[in-house]
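As a plain string of letters, each chain reads:
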Amino acid sequence: QVQLVESGGGSVQAGGSLRLACAASGRAFSSDLLAWYRQVPGKQRELVASTSRGGVQDYAEFIEGRFTITGDNMKNTVYLQMNSLKPEDTAVYYCYYKRGAQILWGRGTQVTVSS
C-alpha cells in the first residue's frame, strides 16, 4: 500500500512562486529516480524534472532555469521549487517514483498561473 502524495499546488499570478512536495507513504524502498511530470488537458504528460540516486538532475528545456528539483532518497521525498511562473505552466503536476521495475505515480496536484 505504497502511495505518493503531492502537496503545495495552488493558484498564483504570473511571476509568482510555488513549492511542490511529494512524500511516499507506506513501505517504500529508496528510489532510483524521483521526478515531476505535468499534464494539461488534451496534451501528453511531459517530464518537468528528475533527480537520480546518484544526484544527476535533468530538466525539460521549457523550464529555462526557473525550477529546481531536490530529492531525498532515504525519505523518498521530492520537491519542486517553481519560480517566475508563467500561464503556460498551468497543469496538473504528478510525482513519479522508480525503483528497478517498480513505478509509482501520485494522483497529481493542480497548479494554476493567471496572467
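So, here is what we can say about the structure in this document. These figures come from a predicted structure and were not determined experimentally. (Residues numbered from 1 in each chain as written. Predicted model: local features only at pLDDT ≥ 70, side-chain atom pairs only at ≥ 80, totals over all residues. Heavy atoms only, no water.)

Comments concerning the overall build of the protein chain
In step 1: Helix and strand counts for the protein chain stand at 0 helices and 11 strands.
In step 2: Ordered by position from the N terminus, the helices and strands of the protein chain form the series β-β-β-β-β-β-β-β-β-β-β.
In step 3: Taking 2.2 N^0.38 as the reference for a compact globule, 115 residues should give roughly 13 Å; the C-alpha atoms of the protein chain span a radius of gyration of 13 Å, in line with that estimate.
In step 4: Its C-alpha atoms give the protein chain principal-axis dimensions of about 40 × 25 × 25 Å.
In step 5: The buried share among the 115 residues of the protein chain stands at 37%.
In step 6: The long-range fraction of contacts in the protein chain, counting pairs at least 24 apart against all pairs at least 6 apart in sequence, stands at 53%.
In step 7: Carbon and sulfur atoms make up 49% of the accessible area of the protein chain, which totals about 6,400 Å².
In step 8: Taking the average place of the 12 positive charges on the side chains of the protein chain and the average place of its 9 negative ones, the gap between the two points comes to 9 Å. (Helix = DSSP H or I, 4+ residues; strand = E, 2+ residues; numbered from the N terminus. Rg over C-alpha atoms; globule rule 2.2 N^0.38 Å. Buried < 20%, exposed > 50% of the residue type's maximum accessible area, 1.4 Å probe, protein only. Contact = heavy atoms within 4.5 Å. Areas by Shrake-Rupley, 256 points an atom, 1.4 Å probe, with all protein chains shown as cover. Lys, Arg positive; Asp, Glu negative; His and termini not counted. Charge placed at Lys NZ, Arg CZ, Asp CG, Glu CD.)

Some points on the sheet that holds strand 7 (residues 67–72)
In step 1: The strand order across the open sheet formed by 4 strands is 1-3-8-7, and the pairing between neighbours is antiparallel. The sheet is open, and its two borders are formed by strand 1 (3–7) and strand 7, each paired with just one other strand. Here the strands of the sheet are splayed against their neighbours by 15° on average, with no regard to which way each runs.
In step 2: As defined by bridge partners, strand 1 adjoins strand 3 (residues 18–25) across 5 bridges and the pair is classed as antiparallel. Each bridged residue has a counterpart across the sheet, and for Leu4 the counterpart in strand 3 is Ala24. (Pairing = 2+ DSSP bridges. Axes fitted to C-alpha atoms, helices over the stretch in contact; angles between N-to-C directions.)

Considering the environment of Asn73
In step 1: Relative to the elements of secondary structure, Asn73 occurs in the loop between strand 7 and strand 8 (77–82).
In step 2: Taking C-alpha positions, Asn73 is 8.5 Å from Phe29, a pair spaced 44 residues apart along the chain.
In step 3: Contact partners of Asn73, with chain neighbours within four places excluded, come to Ser30, Ser31, Leu34, Ser52 and Arg53.

Focus: the environment of Leu4
In step 1: Considering the arrangement of structural elements, one finds Leu4 in strand 1.
In step 2: Spatially, the C-alpha atoms of Leu4 and Ala28 are 9.8 Å apart, while their sequence positions differ by 24 residues.
In step 3: Residue contacts for Leu4: discarding those within four places in its chain leaves Cys22, Ala23, Ala24, Cys95, Tyr96, Tyr97, Leu104, Trp105, Gly106 and Arg107.

Focus on unusual backbone geometry
In step 1: Even without glycine at this site, Glu64 takes up a positive phi of about 55°.
In step 2: Here Glu64 lies in the loop between strand 6 (57–59) and strand 7.
In step 3: Positive phi, normally seen in glycine, also occurs at Ser84, with a value near 50°.
In step 4: Mapped onto the secondary structure, Ser84 falls in the loop between strand 8 and strand 9 (91–99).

A word on the side chain of Ser31
In step 1: Its place among the elements puts Ser31 in the loop between strand 3 and strand 4 (33–39).
In step 2: For Ser31, a relative accessible area of 0% puts it in the buried group.
In step 3: Ignoring sequence-local partners within four residues, the contact set of Ser31 consists of Arg53, Asn73, Asn76, Tyr97, Lys98 and Arg99.

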